[in-house]
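Results of the structural survey
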Amino acid sequence: MKATATCTQQWIRRYHPKPERRMTLVALPHAGGSASWFHPLSARLGPDIELLAVQYPGRHDRRHEEPVEDIGTFADRITEALMPWDGPVALFGHSMGATIAYEVARRIEAGGGSPAALIVSARRAPSAVRDDRFHELDDEALLREMRVLGGSDAAMDLDEELVRLTLPVLRSDFRAVSAYRCAATVPLGCPVTALLGDSDPRVTADEVGAWARHTSGEFSLHVFDGGHFYLADHQEAVTGLVRSTLEPHMS
């Protein structure tokens, strides 16, 4: 199966094209998030790592499209959109994006390829199942959940009307996360690096550490000060960690 140009253009945002890249890093945002959340990381990575930020349907320039409510469908479409890229490819997912990144990695390996690395952030391992049902909350309760998480895209700094317009997309994403169950019986072959904020209200260190069970390669866990969106306060340190993780795999 070949990716169509339309599929790639729909799903992938290139903020800083790098013709001399030696590694491509695919970045997948959190529930309710958009590709632009990774713009700062894209700018910081240097000339040899190009970041491809994934834009999910239902937000920003794809706001008129129906949201996806199935993690497997997310992974299928993103895997297809990545087909035109050659050279080493790594994956970086935050929160819901980590789960999708894992499923994309599984599909790449099933197709005979191998991601250079999988970097997962602020997300429990697929084997650490919780019965979260945030999508069933009413609007006010869902807004409170956004405040608890405290992310930039959850921001209460935004106009109240605009925030409420994002709730259907957020609810759809939470529905996809709630329904997800890992069907894999064989661990990934690529190395997995896990990142966590030490005061994350929705993820524990044990749950993130359980990612070690999902790879036969190397595993490492890195804990930062902060909550679910610790990355905003540690951009330089996270960029350095990403670079040090990817450099051994650059062509």
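Provided above is the structure to which this section pertains.
A brief structural summary. These numbers come from a predicted model, not from an experiment. Throughout, residues of each chain are indexed from 1 in the direction in which the sequence is written. Only residues with pLDDT of at least 70 get local features here, since the model is predicted, and only at 80 or more are side-chain atom pairs given and counted; chain-wide, interface and lining totals rely on the full set of residues. Side-chain descriptors were evaluated using all non-hydrogen atoms of the structure, hydrogens and water having been removed beforehand.

With respect to the pattern of salt bridges
Salt bridges, as used here, are contacts in which a Lys or Arg side-chain nitrogen is within 4 Å of a carboxyl oxygen on Asp or Glu. A complete count under the given rule lists 13 salt bridges for this structure. Ionic pairing is found between Asp173 and Arg59, a salt bridge with its closest N-O pair at 2.9 Å. Of this pair, Asp173 sits in helix H6 (residues 160–179) while Arg59 sits in the loop between strand S3 (49–54) and helix H3 (71–81), and the two are 114 residues apart along the sequence. One exposure class covers both Asp173 and Arg59, and it is buried. A run of H or I in DSSP counts as a helix once it spans at least four residues, and a run of E counts as a strand once it spans at least two, with each numbered from the N terminus. Summary of the burial criterion: residues with accessible area below 20% of their type's maximum are buried, those above 50% are exposed, and those between are partly exposed, where the area comes from a 1.4 Å probe applied to protein chains only.

Some details on the pairing of strand S4 (residues 89–94)
Within S4, six of the six residues are buried, which leaves the element mostly enclosed by the surrounding structure. One requirement defines pairing of two strands: DSSP has to find at least two bridges between them. In terms of strand pairing, strand S2 (residues 23–28) meets S4 through five bridges, oriented parallel. Along S4, the bridge assignment pairs Thr24 with Val89. In this sheet, strand S5 (residues 118–121) lies alongside S4 in parallel orientation, the contact comprising four bridges. If you follow His94 over to S5, its bridge partner there is Ser121. Place the viewer so that the strands point away; then a crossover is right-handed whenever the path from the first strand over the helix to the second strand goes clockwise. Handedness of the β-α-β unit built from S4, helix H4 (residues 96–110) and S5 comes out right-handed.

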